[in-house]
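These are the residues of each chain, in order.
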Amino acid sequence: MENLNDNNLQSQILRTITWFDLFSQPLTAWEIYKYLNYPTSYTNIISALETLYDKIGFKDGFFFLIGRENIITERFRKYNYFKRKIKKARIFTKLISLWPSILGVAVSNIIGDHNLKDSGDIDLLIITKAKRIWSGRFICTLIAKVLGLRPNIKTKRDKICLSFYISSDNLNLEKYLYNEQDFYFVYCLADLTIVYNYNNIWSKFYKENIFLKKYLPNNPEPIFNKEDIADNFKLGLIGSGLEKVLKKFQLNIMPQNLKNQVGQSSGVMLDDNIIKLFLIDKRPEFINLFNNRIK
């Protein structure tokens, strides 16, 4: 079998297909090209794929590991789930976008195009104004709570997960990589689905995160059309005094086991320019699974 640790085009293509297989995601030739951790041309991808048919399958425009043809049907199902969830994310975003602190909203934790499970919640990455991250989180959480959109013990399906906020003075997220093998985080950032883009904040975001090019040298720069860039009415500004009150209030009611993980877990961060609330950081698990698969 091809040594997947070799630094050649064929082995890198197999590595990419293997990584996405962890998430039951077959890939098109174009997706292999843009997700590849190897600088090359699309033409070279097509040529290399033709040499790998003893190791990969091809059907309905998708490439997959041999024996994994069933994930094509699953991908089509996930596309329908994705459309339903995006509609819900847009409705919620229209409400929170009136708040002055909220500058950008994107659906995150998507590994591959439209790859969302039917039973899963909707993870949002939210950008707030500098020094206004706590007031931003407060209004998002309040609206989700009032509308019954918070995930709960009974169900997460189509609920809004509000566990990741960054401020506009902390857009470069390279320092939050788990390690150099953290492709989960890389692909999540590369595949954000933008649902709110105030004053083109996401263009600034991707300029700040130029490190993504080190991992995905073939991935094209995202293009934002004029209709994607919002400039809507905003409610009045929030003062620093109220920001401090809302921060103190939220920290007081936050579960102690979550606060105890600050500095202990890479999934939990509580600061004035980042709030990350993943009690279980699954990135080490994905890194280990992938490394075991390519041995």
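Computed from a prediction, not measured in an experiment: that's the story for all the values here.

Next up on the list: the side chain of Asp21. You can see Asp21 is positioned in helix α1 (residues 9–21). Overall, the relative accessible area of 7% leaves Asp21 in the buried class. Beyond its immediate chain neighbours, meaning those up to four positions away, Asp21 contacts Leu65, Arg68, Ile71 and Arg293.

Attention shifts here to the pairing of strand β8 (residues 274–277). Residue alternation in β8 divides its side chains into two sets, Ile274 and Lys276 and Ile275 and Leu277, and both sets are buried. Two elements, strand β5 (residues 160–167) and β8, share three bridges in a ladder whose sense is antiparallel. By the bridge assignment, Phe164 is partnered in β8 with Lys276. Direction of pairing for strand β7 (residues 268–270) relative to β8: antiparallel, over a ladder of three bridges. Paired with Leu270 across the strands is Ile275, a residue of β8.

This part is about the sheet that holds β5. Pairing within the open sheet is mixed, and its six strands lie in the order β6-β3-β4-β5-β8-β7. Since the sheet does not close on itself, it has two edges, and those belong to β6 (193–197) and β7, each with one partner. Pairwise comparison of adjacent strand axes, ignoring direction, gives a mean angle of 25° for this sheet.

Its 14 residues give helix α9 (residues 240–253) an end-to-end C-alpha distance of 20 Å, which sits within 8% of 20 Å, the value for a rise of 1.5 Å per residue. If you check which residues of α9 are buried, you get Glu243, Leu246 and Gln250. For α9, the angular spread of the buried residues around the axis is 70°, confining them to a single face. Facing away from the buried side of α9 by over 90 degrees, the exposed positions are Lys244, Val245, Lys248 and Asn252. Where α9 is buried, its residues meet α5 (133–146).

Before going further, it helps to spend a moment on empty space enclosed by the protein. By the definition in use, this model includes one cavity of 30 Å³ or more. Of the voids in this model, the largest cavity is the one considered here, and its volume is about 90 Å³. At the level of secondary structure, the elements contributing two or more residues to the lining of the largest cavity comprise α1 and α6 (183–190). With four residues, the single largest contributor to the lining of the largest cavity is α1. Grouping the amino acids of the lining of the largest cavity by side-chain chemistry returns four nonpolar, three polar and one charged.

Here we take up the packing of α5 against α9. Relative orientation of the contacting elements α5 and α9 amounts to 60°, with a least axis distance of 8 Å. With respect to α9, the axis of α5 lies oblique. Judged by the twist between their axes, the crossing of α5 over α9 is left-handed. Contacts between α5 and α9 involve Ile133, Trp134, Ser135, Arg137 and Phe138 from the first element and Glu243, Leu246, Lys247, Phe249, Gln250 and Leu251 from the second. Each residue belonging to the contact of α5 with α9 can be placed in one class, and the counts come to six nonpolar, two polar and three charged.

What follows concerns the pattern of salt bridges. Throughout the structure, instances matching the rule amount to 14 salt bridges. Between Asp158 and Lys85 there is a salt bridge, with the nearest N and O atoms lying 2.7 Å from each other. Remark: Lys85 occurs in helix α4 (residues 71–96) and Asp158 occurs in the loop between α5 and β5; sequence separation between them is 73 residues. Since its relative accessible area comes to 1%, Lys85 is described here as buried. The network of salt bridges with common partners includes Arg84, Lys85, Asp118, Arg157 and Asp158.

About the criteria used
Residues numbered from 1 in each chain as written. Predicted model: local features only at pLDDT ≥ 70, side-chain atom pairs only at ≥ 80, totals over all residues. Heavy atoms only, no water. Helix = DSSP H or I, 4+ residues; strand = E, 2+ residues; numbered from the N terminus. Buried < 20%, exposed > 50% of the residue type's maximum accessible area, 1.4 Å probe, protein only. Contact = heavy atoms within 4.5 Å. Pairing = 2+ DSSP bridges. Axes fitted to C-alpha atoms, helices over the stretch in contact; angles between N-to-C directions. Expected span 1.5 Å × (residues − 1). Arc of directions from axis to C-beta. 1 Å grid on protein atoms, 1.4 Å probe; cavity = no way out; pocket = protein on both sides within 12 Å on 5 of 7 lines; lining within 4 Å. Points joined across faces, edges and corners; volume = space filled by probe spheres on them. Nonpolar A, V, L, I, M, F, W, Y, C, P; charged D, E, K, R; others polar. Parallel < 35°, antiparallel > 145°, perpendicular 65-115°, else oblique. Left-handed = near helix turned anticlockwise from the far one by under 90°. Salt bridge = Lys/Arg side-chain N within 4 Å of Asp/Glu carboxyl O.

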